[in-house]
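# Residue-level structural notes
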Amino acid sequence: MTPLEHIRQNPKKCKQLTGLSSVQLEKVIEQASEMDKKKKKESQEKVVNKKGAGRPKTLKTEEEICLTILYLRQMPIFEVLGMMFGVSKTTANDTFHYWLPIFEDLLPSSLLEEWKRTTGEEELMKEFLTSYQLLVDSFEQARQRPEDNEEQKKYYSGKKKQHTFKNQVIGFPKGEEIVDILVGERGPEADINLLKKQQKKLSKNQKYEGDKGYQGAERTKTPHKKPKKKELSEEQKEKNKEIAKERIYIEHLIRIIKIFRIASERFRLKSNRYKQVILVICGLVRLRIGAFKFSV
């Protein structure tokens with residue numbers, strides 16, 4: 001029995017195994033297959049090889065898509081992934097890297113990215129967002145130690161005691177949408193500096209809410225910091241509790257991103273693949289939480 005057959009026979013286990021519900025998985029298979037057909041049709045017009053030339057495929061298209069999603073969710077080594085699907089380590093690796101850019105095109109990573117692709121009225125969306133106080137938070141992910149000494153220094157995070165990438169997420173007040181995401185920054189980079197980069201994409205009137213790392217950022221609500229050798233007042237403590245209750249939703253959203261192990265464990269692929277992988281994960285998360293739906 002193939003992994004896909006097992007998932008289809010046990011739909012209740014689908015979300016645990018792939019990160020998506022069985023309905024969402026089938027929709028991804030359907031849409032990704034259609035996109036692949038279109039790309040192949042366009043490329044065939046430029047190819048001079050005879051029809052049927054080349055090595056025949058070992059896996060069905062739907063199995064290749066399942067392989068890609070399973071890797072993103074479970075992150076086994078390619079040797080094990082190949083064993084699961086009855087193919088070689090090289091075939092498993094090649095299959096994953098073939099489908100990754102298709103997933104990136106299929107699944108917009110954020111509301112801003114989706115709006116950018118589907119309409120030309122980005123300013124209208126930015127104006128709409130000002131009616132919300134958006135939540136912002138960052139997370140670090142361990143990466144392979146860079147070979148270059150200068151790059152090692154740039155990516156070494158004293159906080160995590162290892163080399164890391166840093167990503168920053170901006171979301172709706174209840175965490176029901178990824179508004180924007182900044183991916184693959186240096187681990188030691190200050191949160192407030194990352195927010196300044198993202199603020200340039202949004203309205204100058206946009207308001208935010210973040211943790212203590214964002215103190216001093218324009219139009220950003222943050223908790224009170226404890227003064228040196230002093231205590232916070234009761235009023236300040238209560239205010240911090242209120243902010244913590246509001247901010248918990250962005251932490252929940254980041255937790256869902258980290259359900260996909262490739263976004264939480266040490267990143268084993270080449271560093272130049274990191275941004276693409278995390279953007280695909282965000283697209284899958286938006287599908288999972290219902291923020292993104294395929295057009296009929």
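Please read these numbers as outputs of a predicted model, since none were measured by experiment.

### Some points on the overall build of the protein chain
Helix and strand counts for the protein chain stand at 12 helices and six strands. Each of the three principal axes of the protein chain carries a C-alpha extent, and together these read 75 × 45 × 40 Å. The burial tally for the protein chain puts 46% of its 296 residues in the buried class. Sequence-distant contacts in the protein chain: of pairs separated by 6 or more residues, those separated by 24 or more amount to 63%. Charged side chains in the protein chain number 61 positive and 43 negative. The centres of these two groups are separated by 3 Å.

### Here's the deal with the nonpolar core
Ranked by size, the top nonpolar core spans 60 residues in total, and within it L72, F103, V169, I257, I262 and I281 carry the most contacts. Contact partners of I281, with chain neighbours within four places excluded, come to L72, I257, F260, I262 and A263. Counting 15 residues, the second-largest nonpolar core is a separate cluster that includes L134, V179, L202 and A217.

### Some remarks on the packing of aromatic side chains
Scanning the entire structure with this criterion turns up 10 aromatic pairs. Ring centres of F78 and F96 lie 6.0 Å apart, and the angle between their planes is 55°; this geometry places the pair in the tilted category. Of this pair, F78 sits in helix α5 (residues 78-85) while F96 sits in helix α6 (residues 89-106), placing them 18 residues apart in sequence. Both residues of the pair, F78 and F96, count as buried. The structure contains a cluster of three or more aromatic residues connected by ring pairs, namely Y155, F165, F267 and Y274. One cation-aromatic arrangement involves R143 over Y155; the distance from NZ or CZ to the ring centre is 4.6 Å.

### Thoughts on the pairing of strand β4 (residues 178-186)
The side chains of a regular strand alternate between both faces of the sheet. Most of β4 is tucked away, with seven of its nine residues classed as buried. In terms of strand pairing, strand β3 (residues 162-171) meets β4 through six bridges, oriented antiparallel. Among the inter-strand pairings, K166 is bridged to a residue of β4, identified as E185.

### A closer look at the side chain of Q141
Of note, Q141 is situated in strand β1 (residues 133-142). At a separation of 2.7 Å, a polar atom in the side chain of Q141 contacts the main-chain carbonyl oxygen of I262. A polar contact of 2.7 Å, which involves the side chain of Q141, links it to the side chain of Y274. Leave out the neighbours within four places in its chain, and Q141 touches H163, T164, F165, I262, A263, S264, E265, F267, Y274 and I278.

### Considering the pattern of salt bridges
Under the criterion given, the structure shown has 25 salt bridges. Across the pair R286 and E114 runs a salt bridge whose closest N-O atoms are separated by 2.6 Å. Taken as a pair, R286 in helix α12 (residues 274-288) and E114 in helix α7 (residues 111-118) lie far apart in primary sequence, 172 residues in all. We classify R286 as buried; its relative accessible area is 0%. When its relative accessible area of 22% is taken as the criterion, E114 is described as partly exposed.

Cut-offs applied
Sequence positions are assigned chain by chain, starting from 1 and proceeding in written order. Local features in this predicted model are restricted to residues whose pLDDT is 70 or higher, and side-chain atom pairs enter the listing and the counts only when it is 80 or higher, whereas totals over whole chains, interfaces and linings include all residues. Only hydrogens and water are set aside; all other atoms, that is, all heavy atoms of the structure, feed into the side-chain values. By definition, any uninterrupted DSSP run of H or I lasting at least four residues is a helix, any uninterrupted run of E lasting at least two residues is a strand, and each is numbered from the N terminus. Burial status follows relative accessibility: with a 1.4 Å probe on protein chains alone, a residue under 20% of its type maximum counts as buried, one over 50% as exposed, and anything between as partly exposed. Contacts are assigned to residue pairs that have any heavy atoms within 4.5 Å of one another. Positive: Lys, Arg. Negative: Asp, Glu. His and the chain ends are not part of the count. For the purpose of locating charges, the reference atoms are NZ of Lys, CZ of Arg, CG of Asp and CD of Glu. We call a set of buried residues a nonpolar core when its members are Ala, Val, Leu, Ile, Met, Phe, Trp, Tyr or Cys and they connect through side-chain atoms within 4.5 Å of each other. Put simply, two rings from Phe, Tyr or Trp (the six-membered ring, in Trp's case) pair if the centres are within 6.5 Å, and we call them stacked under 30 degrees between planes, edge-to-face over 60, tilted for the rest. Only Lys NZ and Arg CZ are tested; either one counts as a charge over a ring when it is within 6 Å of the ring centre and within 35 degrees of the ring normal. Strand pairing requires that DSSP identify at least two bridges connecting the strands. Side-chain atoms alone can form a polar contact between residues adjacent in sequence; in general such a contact is a pair of N or O atoms within 3.5 Å, and within protein one must be able to donate a hydrogen while the other accepts it. Here, a salt bridge means any side-chain nitrogen of Lys or Arg that lies within 4 Å of a carboxyl oxygen of Asp or Glu.

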